[in-house]
Amino acid sequence: QVQLVESGGGSVQAGDSLRLSCAASGSPFSIYTMGWFRQAPGKEREFVAAVSQSGASTYYADSVKGRFTTSRDNAKSTAYLQMNSLKPEDTAVYYCAAATSYGVPIQLIPVRQYNYWGQGTQVTVSS
C-alpha cells in the first residue's frame, strides 16, 4: 500500500498560480503512475493530469492543457501539480492518486487502476 497526502491548496484569484504536492509513503513511489483528479461541488470526479512512473511522460485534460504541469521527484516520493493561470472553473477539491499501469500508455489507464487516493486539497479560484 501507499499513503498519499496532498497539500498546497488554497484560495486565490483568477490568474494566480498554485502548486499542489502529493507526498507518498508506505510503498516504492516509482512503481506508480501518478494522476491528478478534481471534483467540483455537484460534479463528477474529473481527470486532470497524469505523469508516468519515471516522469518522462505526462498527459493532461484538454481543460488544463497549457496551464497545468505535473511532475514528480521519485527521490522525494512526491508528485506535483503546478497550476498556472487559474480560472474560477478550476475551483474543486484536487486529489492525487496512484495507479498500477502494467506498462500501458498513461492516457489509457482506467480510473479503476488508480488504487490509492489522497485526502484531497481544496482549490478555490475567485474572479
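Residues numbered from 1 in each chain as written. Predicted model: local features only at pLDDT ≥ 70, side-chain atom pairs only at ≥ 80, totals over all residues. Heavy atoms only, no water.

*Asks:* Give me the lowdown on the overall build of the protein chain, citing residues and values where you can.
*Replies:* Regarding its fold elements, the protein chain presents zero helices and eleven strands. The principal-axis extent of the C-alpha atoms belonging to the protein chain is close to 40 × 25 × 25 Å. A total of 127 residues make up the protein chain; the buried ones form 43% of that total. In the protein chain, of all internal contacts separated by at least 6 residues, the share reaching a separation of at least 24 is 58%. Per element, the accessible surface of the protein chain, about 6300 Å² overall, is 47% carbon and sulfur. With 10 positive and 8 negative side-chain charges, the protein chain shows a separation of 5 Å between the mean positions of the two kinds. (Helix = DSSP H or I, 4+ residues; strand = E, 2+ residues; numbered from the N terminus. Buried < 20%, exposed > 50% of the residue type's maximum accessible area, 1.4 Å probe, protein only. Contact = heavy atoms within 4.5 Å. Areas by Shrake-Rupley, 256 points an atom, 1.4 Å probe, with all protein chains shown as cover. Lys, Arg positive; Asp, Glu negative; His and termini not counted. Charge placed at Lys NZ, Arg CZ, Asp CG, Glu CD.)

*Asks:* So, the pattern of salt bridges: which residues are in play, and what are the values?
*Replies:* Throughout the structure, instances matching the rule amount to four salt bridges. The partner of Asp90 in a salt bridge is Arg38, with the nearest N and O atoms 2.9 Å apart. Here Asp90 is found in the loop between strand 8 (78-83) and strand 9 (92-99), whereas its partner Arg38 is found in strand 4 (residues 33-39), with 52 residues between them in sequence. Three or more residues joined by partner-sharing salt bridges are found here, namely Arg38, Glu46, Arg67 and Asp90. (Salt bridge = Lys/Arg side-chain N within 4 Å of Asp/Glu carboxyl O.)

*Asks:* Which residues make up the sheet that holds strand 7 (residues 68-73), and what are the values?
*Replies:* If you walk across this open sheet you meet the four strands as 1-3-8-7, and the pairing is antiparallel. Each having just a single partner strand, strand 1 (3-7) and strand 7 make up the two edges of the open sheet. Strand-to-strand twist across the sheet, computed as the mean angle between neighbouring axes with direction ignored, equals 15°. Here six bridges tie strand 3 (residues 18-25) to strand 8, and the two strands are oriented antiparallel to one another. Paired with Ala23 across the two strands is Thr78, which belongs to strand 8. (Pairing = 2+ DSSP bridges. Axes fitted to C-alpha atoms, helices over the stretch in contact; angles between N-to-C directions.)

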